[in-house]
Amino acid sequence: MPYGMGLRSVRVRVEGDSMLPVLRPGDWLWVRRGAPVSAGNLVVARLPSDPSLLIVKRAAWREGEDWWLESENQRASGRRDSWDFGAVPPSSLVGRVVLRYWPPPFLRAR
């Protein structure tokens, strides 16, 4: 669920288990819109089958101009990434994750 979509950065709340153990449901992320993306970065993208939904994935590699996006947890129920829909064009990328700001490390359950 994004907040501030008209701004240069947005806040996004993680839902689902597809990015475990790196990100957990309930984590809040600060995302810089239009930031340069490199292989290995965490990104927020529009789901190709429903552009109104946002997904958080790892930009694994480039295929030509497009990005291959992968989940950290391939066994997660409901996981959707490039293994399902293929590489996505740069126009599908909302931005690069720059910070997980909630919960802070000392409050994060282990």
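Our structure is the block above this text.
Residues numbered from 1 in each chain as written. Predicted model: local features only at pLDDT ≥ 70, side-chain atom pairs only at ≥ 80, totals over all residues. Heavy atoms only, no water.

Colleague: Please explain the nonpolar core as it appears in this structure.
Modeller: Nonpolar side chains in soluble globular proteins generally cluster together in the buried interior. Ranked by size, the top nonpolar core spans 12 residues in total: Val10, Val12, Val14, Met19, Leu23, Leu29, Val31, Leu42, Val44, Val56, Val94 and Val97. Residue assignment for this core shows that the elements contributing at least two residues are strand E2 (9-13), strand E3 (28-33), strand E4 (42-47) and strand E7 (93-102). Within the second largest apolar cluster, 10 residues are counted, among which are Ala45, Ala59, Val88 and Leu93. (Core = buried A, V, L, I, M, F, W, Y, C linked by side-chain atoms within 4.5 Å. Buried < 20%, exposed > 50% of the residue type's maximum accessible area, 1.4 Å probe, protein only. Helix = DSSP H or I, 4+ residues; strand = E, 2+ residues; numbered from the N terminus.)

Colleague: Even after reading the chapter, I still don't get the pattern of salt bridges, so can you show me in this structure?
Modeller: Should their charged atoms come close, side chains of opposite charge can pair. Summed over the entire model, instances satisfying the criterion amount to 5 salt bridges. Taking the shortest distance from any N to any O, the salt bridge between glutamate 15 and arginine 13 comes out at 3.6 Å. Residue aspartate 81 pairs with arginine 79 through a salt bridge whose shortest N-O separation is 2.7 Å. Considered together, aspartate 81 and arginine 79 belong to a single accessibility category, that of buried residues. Among the charged side chains, a network of salt bridges with common partners joins Arg79, Asp81 and Asp84. (Salt bridge = Lys/Arg side-chain N within 4 Å of Asp/Glu carboxyl O.)

Such coordinate-based values are descriptive only and should not be taken to indicate function.
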